[in-house]
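Residue strings, one per chain:
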Amino acid sequence: MTERRLSGVGATPLSGVGTAVWYAPDAELGSPPDPETIDADVERERFETARDVAREEIRAERERTAARLGEAEAEVFDAHVQFLDDPQITEGVEAAIDDGLPAEHAVDRTFEQFIERFEGMEGQMAERADDLRDVRDRLVRALGGGERADLGSLPEGSVVLAERLTPSDTAQLDPERVAGFATVTGGRTSHAAIFARSLALPAIVGVGAALRNVADGADVVVDGRDGALLVDPDEETRRETAGAETVEVRDGTVETADGTPIEIAANVGTEADLASAAERGADGIGLFRTEFLFLDRESPPGEDEQYETYREALETFPDGRVVVRTLDIGGDKPVAYLGLPDEENPFLGERGVRRSLGPDTDLFETQLRALLRAADEDAGGQLSVMLPLVATIDEVRQARETMESVAADLESEGVSYALPEFGVMIETPATAFLADALVENVDFFSIGTNDLVQYVMAAERGNDRVAALGDYRQPAVLRAIHTTVAAAQGTDVWVGMCGEMASDPEVTELLVGLGLDELSMSAVAVPQVKRAVSETTVTGARELAARALAACTKREVDCLLTETTQ
Amino acid sequence: MPERVVTVVPEDGLHARPASNFVETASEYDIEIQVGHVDGDLVNAASMLAITGLGVTSGEDVRLVAEGAEAEAALDELERILSTPEGEG
């Protein structure tokens, strides 16, 4: 069979090989029953109930997306609630019911009018059509119109092919199992493309009608760099792609070619992530996000429940280190029992350690008790506690005092515990500037590049309009990293990095040169970065870092990095 | 009927977050509020669909019309949303 090449728009610069699986959302509704058999009052009530169900689902989806992908991605679902409650929708559906349609057909007919209208428009408005489909499908499902096809449990190595993927569809895809996706419609700024980037998933959008001719079960290569889908790829193409992406898993510490060990750890956000981190050869956990313990429930998790979860993480990495970030939550998260404030700009508001030392101090103490108890056990790795969104030395001192008083309580109760390593995330410019004073107060730093970039460059993530600004290759960001690492040099404080930058093998050499001791990333990136470290020499890396720090523009940094990777 | 013409400042125009804020605010008032292009038809300001359909971009003028008890207060608040660059609201 000869290789066929279909062009589209690459959503991520990643490639994947796999088997095509067509995703056809829900079956068409049948023809509506005889209007005589319809009781309009009953149908109106069914519609109301379905709206309540859909509203709850959207809220839950929003929470999950915020925890998994981030706030910018989650905001999409705010608009979904507004569409659900839109007077034109509700009035349209009610009128259709009065015409003798059952609720599901009334919903379908009303939404279709708007979907068609938006589809004929340009840019952002055309994408609203995807949002409307998402809301419509949810309502029709809530009315008993079919189960949702489960995108979360596809066979490993699937490449999902679809007309389009709604935000909810894309949020379900598991990058551990899915090799990529390709859609008929969509552009670089469509929700599907944005979510693909957050998930680090190879993806091609806007392939056009030609995609429909690709058979279910066909062998395909998603070439995100060139924006192409290759069907029945030649052996050579397949090998090249597989070689580029499938890197051998290495267990054990990796060293640079000239013998400096670099710790390669994984970021985890759920218990399920622990196993995949271990499978991919991570040395430990560099960022254990604890938010998942607190979301999707009616009351906060108790001390014992948390203790068990932290123990499990430590037992998964008996020879490694597990860095647990204390609760990092703010007004952008819908956690009813916390009574989070409604803030104009939650990212600059009361969140992270600010809440832990303020209104959530009880939760913070409970979390510390669980952590100190977990740190004590013999079987398992070393536990480290990390504070999010620190901006002042006082916060660090106050948090340490809280930890010490928790330790004193445990002592007097006769409960066994140990004091874990204690560190801060470097994600505000304030902590980068204060790094030389912070070294006196902590055991480690971990640079959270996603937020650091956002706050240093004043450019939000996921906003395409400022994408070039919100980039970790910006000289100002490199200098903030350098300031932090330099402050720790010659002290016992180790410096790690968690965040997207750590997972990019194209900057691994630069990070080694800047002096990072540890890099933590999503598990998928671990094999690639381990390989990149082993191919680097510290001598060469330092030269590269010196030149990058001398650069004044992102363009110069980009050029330097391209030179070295070619 | 109280009305005014406002220039839309947010970079996204009447989309994304500014649109969400606008619709949410308009829904809070129990009066009829309409919005549209200066020389075009007016639509319900509390409808995300209608607002999205207008396709208003940054820098364009829109006409706001309200009728009822709190018309002026509602228009003040909506004008503020349309005149505030995103992120500074």
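Starting from 1, residues in each chain are numbered consecutively following that chain's sequence as written. Lettering of chains starts at A and numbering of ligands starts at 1, both following the order in which they are written. Two thresholds apply to this predicted model, a pLDDT of at least 70 for residue-level local features and 80 or more for giving and counting side-chain atom pairs, whereas whole-chain, interface and lining totals are computed over all residues.

### Things to note about the overall build of chain A
Note the cut-off: Starting at the N terminus, helices and strands are each numbered in turn, a helix being any DSSP run of H or I of at least four residues and a strand any DSSP run of E of at least two. Residues are called buried when their C-beta atom has 20 or more other C-beta atoms within 10 Å, exposed when it has 12 or fewer, and partly exposed otherwise; all C-beta atoms are positioned from the backbone. Any residue pair is listed as a contact if its two C-beta atoms, each placed from the backbone, are within 7 Å.
Helix and strand counts for chain A come out as 22 helices and 17 strands. Counting the 566 residues in chain A, one finds 49% classified as buried. Residue pairs at least 24 apart in sequence account for 68% of intrachain contacts in chain A once pairs closer than 6 positions are excluded.

### Observations concerning the overall build of chain B
When its secondary structure is counted, chain B shows three helices and four strands. Beginning at the N terminus, the succession of helices and strands in chain B can be written as β-α-β-β-α-β-α. Looking at chain B as a whole, 37% of its 89 residues are labelled buried.

### A word on the sheet that holds strand E4 (residues 158-162) of chain A
Residues and elements named next belong to chain A. For clarity, the threshold we go by: At least two DSSP bridges between two strands are needed for those strands to be called paired.
Taken together, eight strands build an open sheet; the order of strands is E1-E8-E7-E3-E4-E5-E6-E2 and the sheet is mixed. The open sheet has two edge strands, strand E1 (4-7) and strand E2 (9-10), and neither has a second partner. Two elements, strand E3 (residues 15-22) and strand E7 (residues 219-223), share five bridges in a ladder whose sense is antiparallel. Residue pairing in the sheet places Ser15 in a bridge with Asp223 of E7.

### What about the environment of Ala103 of chain A?
Residue and element names in this part refer to chain A. Looking at the secondary structure, you find Ala103 in helix H5 (residues 103-119). Taking the C-alpha atoms as reference points, Ala103 and Leu143, separated by 40 residues in sequence, lie 7.5 Å from one another. Aside from chain neighbours lying at most four places away, what touches Ala103 is Glu43, Arg46, Phe47, Ala50, Ile97 and Leu143.

### So, the environment of Arg128 of chain A
Tracing the chain through its elements places Arg128 of chain A in helix H6 (residues 123-142). Here the alpha-carbon distance between Arg128 of chain A and Ile115 of chain A, two residues 13 residues apart in the chain, equals 7.9 Å. When near neighbours in sequence (up to four residues on either side) are disregarded, Arg128 of chain A contacts Phe118 of chain A together with Thr52 of chain B.

### A closer look at the nonpolar core
Formally: Take the buried Ala, Val, Leu, Ile, Met, Phe, Trp, Tyr and Cys residues, join any whose C-beta atoms are within 7 Å, and the set you get is a nonpolar core. Domain extents, as shown, originate in an automatic or database domain assignment.
Ranked by internal contacts, the top residues of the largest apolar core, which has 86 residues, are Ile285, Leu371, Val424 and Phe445 of chain A. The residues that make up this core include at least three from each of domain 3 (266-426) and domain 4 (448-566) of chain A. Residues contacting Val424 of chain A, with those up to four places away along its chain left out, are Met386, Leu387, Val390, Val396, Thr431, Leu438, Val442 and Phe445 of chain A. Listed in part, the 56 residues of the second largest apolar core include Phe77, Ala106 and Val140 of chain A together with Leu82 of chain B.

### Overview of the interface of chain A and chain B
Many analyses report the size of an interface as the accessible area lost when the parts associate. How we decide: Residues are grouped as follows: Ala, Val, Leu, Ile, Met, Phe, Trp, Tyr, Cys and Pro are nonpolar; Asp, Glu, Lys and Arg are charged; all remaining types, including Gly, are polar.
Listed per partner, the contact involves 18 residues of chain A and 16 residues of chain B. For the side of chain A that touches chain B, the elements supplying multiple residues, two or more each, are helix H3 (76-84), helix H4 (87-98), H5 and H6 of chain A. Among the elements that line the side of chain A that touches chain B, the one with the most residues is H3 of chain A, at four residues. Residue composition of the side of chain A that touches chain B, by class: seven nonpolar, four polar and seven charged.

### Considering the sheet that holds strand E2 (residues 32-37) of chain B
Residue and element names in this part refer to chain B. Convention followed: Working convention: axes come from line fits to C-alpha atoms, limited for helices to the stretch in contact. Angles between N-to-C directions cover 0 to 180 degrees.
Ordered by their spatial adjacency, four strands build an open sheet running E1-E4-E2-E3, and the pairing between neighbours is antiparallel. Strands with a single pairing partner mark the edges of an open sheet, and in this sheet they are strand E1 (3-7) and strand E3 (42-44). Here the average twist between neighbouring strands, direction ignored, is 30°. Bridging between E1 and strand E4 (residues 61-67) involves five bridges; their strand directions are antiparallel. When the bridges of E4 are listed, Val6 appears paired with Val62.

### What about helix H1 (residues 16-28) of chain B?
For the record, the criterion: Helices are assigned an expected span. That span is 1.5 Å times one less than the residue count.
An ideal rise of 1.5 Å per residue puts 18 Å on 13 residues; H1 of chain B measures up with 19 Å between its terminal C-alpha atoms. Among all positions in H1 of chain B, only Pro18, Ala19, Asn21, Phe22, Val23 and Ala26 of chain B are buried. On its buried side, H1 of chain B packs onto H3 of chain A together with E2, helix H2 (48-54) and helix H3 (71-83) of chain B.

### Overview of the pairing of E4 of chain A
Residue and element names in this part refer to chain A. What counts is decided by this rule: A right-handed crossover is one whose linking path, passing over the helix from the first strand to the second, runs clockwise when the strands point away from the viewer.
The element E4 is extensively covered by neighbouring structure, given that five of its five residues are classed as buried. What you see with E4 is no split at all: Ser158, Val160 and Ala162 on one side and Val159 and Leu161 on the other are buried throughout. As paired strands, E3 and E4 are joined by four bridges and run parallel to one another. Bridge assignment links Thr19 to a residue of E4, and that residue is Ser158. Bridge count for E4 against strand E5 (residues 178-183) is five bridges, and the pairing is parallel. Each residue of the ladder has a partner; that of Val159, found in E5, is Gly180. The β-α-β motif built from E4, the intervening helix H7 (residues 167-172) and the parallel element E5 has right-handed crossover chirality.

### Re the packing of H1 of chain B against H3 of chain B
Residues and elements named next belong to chain B. The cut-off we apply is this: Here is the rule for angles: anything less than 35 degrees is roughly parallel, anything more than 145 is roughly antiparallel, 65 through 115 is roughly perpendicular, and the remaining ranges are oblique.
Relative to each other, H1 and H3 sit at 175°, their axes nearing to 10 Å. Here H1 lies roughly antiparallel to H3, going by the angle between them. Between H1 and H3, the residues in contact are Pro18, Asn21, Phe22, Thr25 and Ala26 and Glu77, Leu78 and Ile81, respectively.

### Considerations on unusual backbone geometry
All names here are of chain A. Its identity is not glycine, yet Asp232 carries a phi of approximately 45°, on the positive side. Note on placement: Asp232 falls in the loop between strand E8 (228-231) and helix H9 (235-245). Under the C-beta neighbour-count criterion, Asp232 is labelled partly exposed, with 16 such atoms within 10 Å. Unlike most non-glycine residues, Ala458 shows phi in positive territory, near 50°. Note on placement: Ala458 falls in the loop between helix H17 (449-457) and helix H18 (475-488). Judged by the 11 C-beta atoms lying within 10 Å of it, Ala458 is exposed.

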